[in-house]
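Breakdown of the fold
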Amino acid sequence: MADHCEDQLRQHPLVKFVREEVVYVVKCMAHLHELNKTLDRFESEYLRRVIHKFRTDVDIQSLELMILEIILLHALNKYQIGSAKIPAIIKLHRDKPLIRPDAMVRINAAAKLLAILDREQYRPTVLQRPEEIVGRLILHLFFKEHVESLPLALQLIHAAPRLEYINGVVCIELNEPDIHCRYVLSEPGAIWWLHWLSVKDIYPLNSRKTVSYYISAYLRSIDDWQYPSVSVATLKLLRKTDLSLRISPIHYSYITNFFKSQSLSRTAFLRILTDKKVQNDSERSDVSRVMTVREKRSWKRQTLRERYTPVDLQEAELRRMLDLLKPDDDRHKTGRLAVSKKELIRMFTEWLIDNQDTYSPYLWLLMAWIKSLLTDGGQVKASLKPGTIIDYVLSIGPAFLSLFCQYRIDELEPDNWIDLLNELGQNISSAHRKGFVIYLASYLRDSELVPDLAVNELEVAVAHGEVDANLVSPHHIELIMSYLMKQEGTVCRDAILLLGLCFFSGLRRNEAAFLQLADFTFAVETNGPVDLYVRPSVRRGLKSTAARRILPLDVLWPDNFLAILRDKVAYRRSQSLRATGTLFEDSKSSEEAFHLITDLLHHVTGDQRLRIHHLRHSFANWQWFRLNPSLLPAARQQLTLFEHPLFSAEQVERLHTRLGLKPVSRKSMFVLCHLLGHNNPITTIASYLHLKDLAAYLLLKARETIKDKHLTQTLGRTKVQLRRDCADNLALRLSFETKRQENMLAPIPYGKDLSPSSPLLHDFVIKAKTDHDVSKRNLLGWASILMACHKLTPEQIAENEGMHPDDIRRLLSAAETIQNACSGRGRKLPLIPNLAPWLAQLMREKQEFVAQDEKEQRQSSSLRILRFLLERVQNKLDQKDLTWDVIQKACYNLAYVVPGKGFIVRSPGIKKTQYFLEFLHQLGLKANHLRLTLYLDPEKTANEKIQEWYKALKQSPLGDLVFEQGYTGEFDYIKQAYRHTGALQIALVNRRLSTKGRRQRVYLSFFQLMAILSLYLQ
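Basis of the calculations
- Residues numbered from 1 in each chain as written.
- Predicted model: local features only at pLDDT ≥ 70, side-chain atom pairs only at ≥ 80, totals over all residues.
- Heavy atoms only, no water.
- Helix = DSSP H or I, 4+ residues; strand = E, 2+ residues; numbered from the N terminus.
- Buried < 20%, exposed > 50% of the residue type's maximum accessible area, 1.4 Å probe, protein only.
- Contact = heavy atoms within 4.5 Å.
- Areas by Shrake-Rupley, 256 points an atom, 1.4 Å probe, with all protein chains shown as cover.
- Lys, Arg positive; Asp, Glu negative; His and termini not counted.
- Charge placed at Lys NZ, Arg CZ, Asp CG, Glu CD.
- Domains from an automatic or database assignment.
- Pairing = 2+ DSSP bridges.
- Axes fitted to C-alpha atoms, helices over the stretch in contact; angles between N-to-C directions.
- Phe/Tyr/Trp six-rings, centres within 6.5 Å; stacked < 30°, edge-to-face > 60°.
- Lys NZ or Arg CZ within 6 Å of the ring centre and 35° of its normal.
- Salt bridge = Lys/Arg side-chain N within 4 Å of Asp/Glu carboxyl O.
- Parallel < 35°, antiparallel > 145°, perpendicular 65-115°, else oblique.
- Nonpolar A, V, L, I, M, F, W, Y, C, P; charged D, E, K, R; others polar.
- Core = buried A, V, L, I, M, F, W, Y, C linked by side-chain atoms within 4.5 Å.
- Polar contact = N/O pair within 3.5 Å; in protein donor to acceptor, adjacent residues only side chain to side chain.
- Disulfide = S-S within 2.5 Å.
- 1 Å grid on protein atoms, 1.4 Å probe; cavity = no way out; pocket = protein on both sides within 12 Å on 5 of 7 lines; lining within 4 Å.
- Points joined across faces, edges and corners; volume = space filled by probe spheres on them.
- pLDDT = per-residue confidence, 0-100.

The name given to the protein chain in an unreviewed UniProt entry is Phage integrase family protein, and the organism recorded there is Tolumonas auensis.

For the rest of this paragraph, the subject is the overall build of the protein chain. Of regular secondary structure, the protein chain possesses 48 helices and 17 strands. The dimensions of the protein chain, computed from C-alpha atoms along their principal axes, are 135 × 80 × 70 Å. Residues classed as buried in the protein chain amount to 55% of the 1018 residues present. Residue pairs at least 24 apart in sequence account for 74% of intrachain contacts in the protein chain once pairs closer than 6 positions are excluded. On the protein chain, roughly 46,200 Å² of surface is accessible, and the fraction owed to carbon and sulfur atoms is 50%. Here the protein chain contributes 140 positively and 116 negatively charged side chains, and the mean placements of these two sets differ by 1 Å.

Now for the domain arrangement of the protein chain. One can read the domain layout of the protein chain as domain 1 (1-83), domain 2 (109-246), domain 3 (293-328 + 346-464), domain 4 (473-609) and domain 5 (822-847 + 860-1017). Between domain 2 and domain 5, the C-alpha centre-to-centre distance is 91 Å.

Here we come to the sheet that holds strand 7 (residues 530-534). In space, the three strands of this open sheet follow the order 6-7-8, with antiparallel pairing throughout. Strands with a single pairing partner mark the edges of an open sheet, and in this sheet they are strand 6 (520-522) and strand 8 (549-552). On average, each strand axis in the sheet is tilted by 20° relative to the strand beside it, whichever way the strands run. Where strand 6 meets strand 7, three bridges bridge the pair, whose relative direction is antiparallel. Directly across from phenylalanine 522, in strand 7, lies its bridge partner valine 530.

A few words on the environment of tyrosine 218. Mapped onto the secondary structure, tyrosine 218 falls in helix 9 (residues 211-220). On a C-alpha basis, the gap between tyrosine 218 and arginine 136 in space is 6.0 Å, while along the polypeptide they are 82 residues apart.

On inspection of all chains with the given rule, the structure shows 28 aromatic pairs. Residues tyrosine 213 and tyrosine 214 carry aromatic rings whose centres are separated by 5.3 Å and whose planes lie at 75° to one another, so their mutual orientation is edge-to-face. Using a relative accessible area of 30% as the deciding quantity, one classes tyrosine 213 as partly exposed. Grouping aromatic residues by their ring pairs yields a cluster made of Tyr254, Trp622, Trp624, Phe625, Phe642 and Phe647. In this structure, arginine 266 packs its charged tip against the face of tyrosine 750, placed 4.5 Å from the ring centre.

Moving on to the pattern of salt bridges. Under the counting rule described, the total for this entry stands at 42 salt bridges. Across the pair arginine 129 and glutamate 131 runs a salt bridge, and its minimum N-O distance is 2.3 Å. A salt bridge links aspartate 519 to arginine 535; its shortest N-O distance comes to 2.9 Å. One end of the pair, aspartate 519, is in the loop between helix 25 (509-513) and strand 6; the other, arginine 535, is in the loop between strand 7 and strand 8, and 16 residues separate them in sequence. Judged on exposure class, the residue aspartate 519 and its partner arginine 535 are both buried.

Quick look at the environment of alanine 160 now. One can find alanine 160 in the loop between helix 7 (150-159) and strand 3 (164-166). Residue classification places alanine 160 among the buried residues on the basis of a relative accessible area of 15%. Between the alpha carbons of alanine 160 and threonine 580 there is a distance of 61 Å; along the sequence they are 420 residues apart.

Attention now goes to the packing of helix 5 (residues 107-122) against helix 10 (residues 232-246). Remark: helix 5 packs on helix 10, axes separated minimally by 9 Å, with the N-to-C direction vectors making an angle of 90°. It follows from the interaxial angle that helix 5 and helix 10 lie roughly perpendicular. Between helix 5 and helix 10, the residues in contact are Ile107, Ala109, Ala110, Leu113 and Leu114 and Leu235, Leu238, Thr241, Asp242 and Leu245, respectively. By residue class, the composition of the contact of helix 5 with helix 10 is eight nonpolar, one polar and one charged.

What follows deals with helix 39 (residues 794-801). The complete set of buried residues in helix 39 reads Pro794, Ile797, Ala798, Asn800 and Glu801. On its buried side, helix 39 packs onto helix 24 (490-503), helix 27 (559-574), helix 38 (779-788) and helix 40 (805-821).

In this section: the sheet that holds strand 11 (residues 748-749). Taken in spatial order, the four strands line up as 5-4-3-11 in an open sheet, and their pairing is mixed. In the strand order of this sheet, the two ends are held by strand 5 (179-185) and strand 11, each with one partner. Along the sheet, helix 12 (residues 266-274) makes contact with strand 3, strand 4 (169-176) and strand 5, crossing strand 3 at roughly 45°.

A few words on the nonpolar core. Formed by 109 residues in total, the largest nonpolar core has its most connected members in Leu615, Trp624 and Phe625. For this core, the leading source of residues is helix 24, giving ten residues. Viewed by domain, this core spans two of them, domain 2 (109-246) and domain 4 (473-609), each represented by three or more residues. Sequence-distant contacts of phenylalanine 625, that is, excluding residues within four places in its chain, are made with Leu631, Leu632, Phe642, Phe647, Leu691, Leu694, Ala695 and Leu698. Judged by nonpolar contacts, the second largest core, of 73 residues, contains Leu829, Leu925, Leu958 and Tyr1016.

It is worth spelling out the environment of arginine 906 at this point. Following the sequence through the fold, arginine 906 ends up in strand 13 (residues 904-907). Between the alpha carbons of arginine 906 and alanine 987 there is a distance of 8.9 Å; along the sequence they are 81 residues apart. Within the structure, arginine 906 has its side chain in polar contact with the side chain of glutamine 985 (distance 2.7 Å).

With six of eight residues buried, strand 4 is to be regarded as a mostly interior element. Sheet topology note: the strand 3/strand 4 ladder contains three bridges and is antiparallel. Residue pairing across strands places glutamate 164 opposite cysteine 171, the latter belonging to strand 4. Adjacent in sequence and paired antiparallel, strand 3 and strand 4 are bridged by two residues, among which asparagine 167 carries a positive phi angle near 55°. The antiparallel hairpin formed by strand 4 and strand 5 contains two residues in its connecting segment.

Here the focus is the state of the cysteines. Following the criterion strictly, the structure yields zero disulfides and no others. No disulfide involves cysteine 171; its sulfur sits 11 Å from the nearest other cysteine sulfur, which is in cysteine 181. Judged by its relative accessible area of 0%, cysteine 171 is buried.

Moving on, we come to unusual backbone geometry. Not every positive phi belongs to a glycine, and histidine 146 is a case in point at roughly 60°. Judged by its relative accessible area of 2%, histidine 146 falls in the buried class. Positioned with a positive phi, lysine 880 is a non-glycine residue whose angle comes to about 65°. One can find lysine 880 in the loop between helix 43 (861-878) and helix 44 (884-890). Classification of lysine 880 by relative accessible area gives exposed; the value is 69%.

This paragraph deals with empty space enclosed by the protein. A probe as big as a water molecule, rolled over the atoms, marks out the empty space that is left. What the rule picks out here adds up to eight cavities of 30 Å³ or more. Of the volumes computed, that of the largest cavity is approximately 130 Å³. If you go around the largest cavity, you meet 13 residues; those closest to its centre are Asp415, Asp452, Ala454, Arg509 and His613. Counting only elements with at least two residues in the lining of the largest cavity, the list comes to helix 19 (414-426) and helix 25. Looking at the lining of the largest cavity element by element, the count peaks at three residues for helix 19.

Another point: the side chain of asparagine 893. Along the chain, asparagine 893 falls in the loop between helix 44 and strand 12 (897-898). Since its relative accessible area comes to 1%, asparagine 893 is described here as buried. At a separation of 3.1 Å, a polar atom in the side chain of asparagine 893 contacts the side chain of serine 907. Residues in contact with asparagine 893, not counting those within four places in the same chain, are Val905, Ser907, Lys912, Thr913, Phe916 and Ile986.

Confidence in the prediction for the protein chain averages 83 pLDDT; 90% of positions are at 70 or higher. Averaged pLDDT values for the elements of the protein chain fall to 49 in helix 13 (residues 287-290) and rise to 94 in helix 29 (residues 613-626). Scored below 50 in pLDDT, residues 768-775 makes 16 contacts in the model with residues more than four places away or belonging to other chains. Here residues 849-855 is a poorly scored stretch, pLDDT under 50, and it has eight contacts once near neighbours within four places are set aside; other chains count.

Next up, the structure:
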């Protein structure tokens, strides 16, 4: 156990203490074992007592909790022993000091400067010189609108972009080759900006003047400014001091971009705030351009390799091929190559074809990347020099081969690729060349060699500002959910839950796909707490130790979708699956559901670059606003986005009550880190939060209003009306004095050139394989549905299986028909075949990884028989060697079961018996599986009929069958009609249990299942 824990916690900073603490935790558990009253579960009171004995040091106690969690998880996976939840420690790190003590002496200057700017909004000073006007505007943008830097504020003034309005706010946006920024302005800030637009042609600026020149000019014009001229560094310190005291340092770091965060693109910002469909201005990479169909087929063959060529041989081959990109030895390194670019592409293409069956898949991948670089160029340039390609590949190629060749490709999930690529980046010393890892990862994603690879999750991507910023609004998710609710099929039902788990819970793709039933805890009451425990399982690990977390789903999910999740978990548990059974039946269905979700996201939003991982980004941003409730009243009044029920006062209050948070607390950012599974807020801000422009506006500027004198001094007789509704922004409330002034200054619609439209799904065509035709289900699936009818209603089963309730009722009607027909008199067969215990084991084998030796040890003879029969019939049906019509004819014999004999079959029809024997032959059963008794009345059975019976048994598909002659006295208990036709008593037996052969009920239950399905599926 110590080795196991040490391996799981090898990245923990206190890994050297793991063995010592494992011993301590086990001693605590053993010392208190008598307090645990059950043998199949660790109870909450017992775990509370154990945790109470842990050490008081926070770091050590956190390590001990992780060790306890690993032990409990091992008990669950290995011995099926469940456990109650254990607490998690969210460690609040002390913020890095932003202000030195000596800086506090300048707080008076900061207060004075802000007071002057506030006074200017009430009673503006009449300024004559243009540099004074510019200086005032620079200070306002920097201190009031929170532009990141003073030079950037001056750059904005030089560019003078037009004011734009969107929903209930106005903003300015700067789009230049070297910078893209957007600022949502307060209403006074918008008036200052319109004033500058009205005078900028009168007062041309000198591009050689610095920021300090304009600011000093303005401050000298203020009579009560008592301080000497201030430098740019001093102004930055004044703003930092002011904001750090008014809001928390971590919020200051977010809204001023102190922790670099990536803003949304123009199209995404318009789509989020308007809930419209906006076609993205950049389409997805053309996969067929990146990699051909033949190459993709070759890659699939490469993934099947179980052993790899030694790394040194692969590296030598890589260098040999790269030598083709170098000029001859007698030429300069940048000289002309011996062969043309077209010839190089042909040579690498031939190499890929010739080596598709070798044992070096990772080398093959690098060669495919080189060919792509030659053909299509890189991420920035459309054409790359050969020397650049060599630099790319040799910088990371050898380390890539050494690291990745330790793992089989088919065992690597997207999260594993991210972890290994991060490790690869750490092995590269050059900060510049670390960025080449991003180029390789982008190729893996765009070529679909590793679909849905979250490139922005790479550590080096964050450092290089390569975060793929994108979000989905709650309204668009609601549209997709409503559409999926109207569809039928298992894939659509799984898509609803996977969409909820990613958007409302913030789970990564693999975290959602491989959830176990034991990960969910539901309260007895319908409206009680619901917890999701994100932890490693036998099917997938976690990205880091911080990814272990407990999510309160009852305050994260809408009630209607949470009810669907509750029903799904209850349904899966009703199928007698073990606690380690997965929520979703198989990974293939989950992948189809993910593809369906992606297609729906693209169709609803018009953004072809949206991926499943962006649902997690959306969760982070919307929960940030919910965890800062002081912003929401103003947000609901000015932005329709926040009118969604997700941001309602009642829902937000429930969230804070459940988490034990105060409305204003710096703990909220650390709680968000825990919900996302991050180590610290810097990761969350840098990689996941993309709405700092809105956050800054709502934190500090949303409540500011325009004063009459401010408007008169800047825009003359322009009038402004009061805000009346949510989307009534400043642009619609301004009335300019002249038409010329309106044409020159009036704000324009944001994204006017993007042509937004209403999101609709009535024309959506499902591309994924979501066919819900009943004939597509396998036998095990149908048997499982039939077993569920013991405990659940048709509506509940249909909801979880993606079927119509009438289909379930028809299945039950078929079962009732077979029950009424079998037997003809006396005690009847049960309505549902008695297969529950064996089907539960077969379902567990399908859902979980069970070792072959473990499987053999646990198999009962009935289980082996049922598995064999189901697999045999399924294979025959798949290969079209067997039809349901043949099965139905063979199962007619069930009408002759005899209740008094344990439902043994006593058939009077020769033709029906032949159909039955033919079916047994196709199942692979032999004559020794039968014990036959032929009843013939010598006085009443015709001689021709007797000969027919003898011939049928002698020439049966199973060969010459041995039978016993039935005792004549038995005819007193047999139907009188059988005296004339004769009757064959058929008993299916297992001769491994007895030389005579022991009858097993599983045979008859299997044929009853076949009879029901043949009647239903015909």
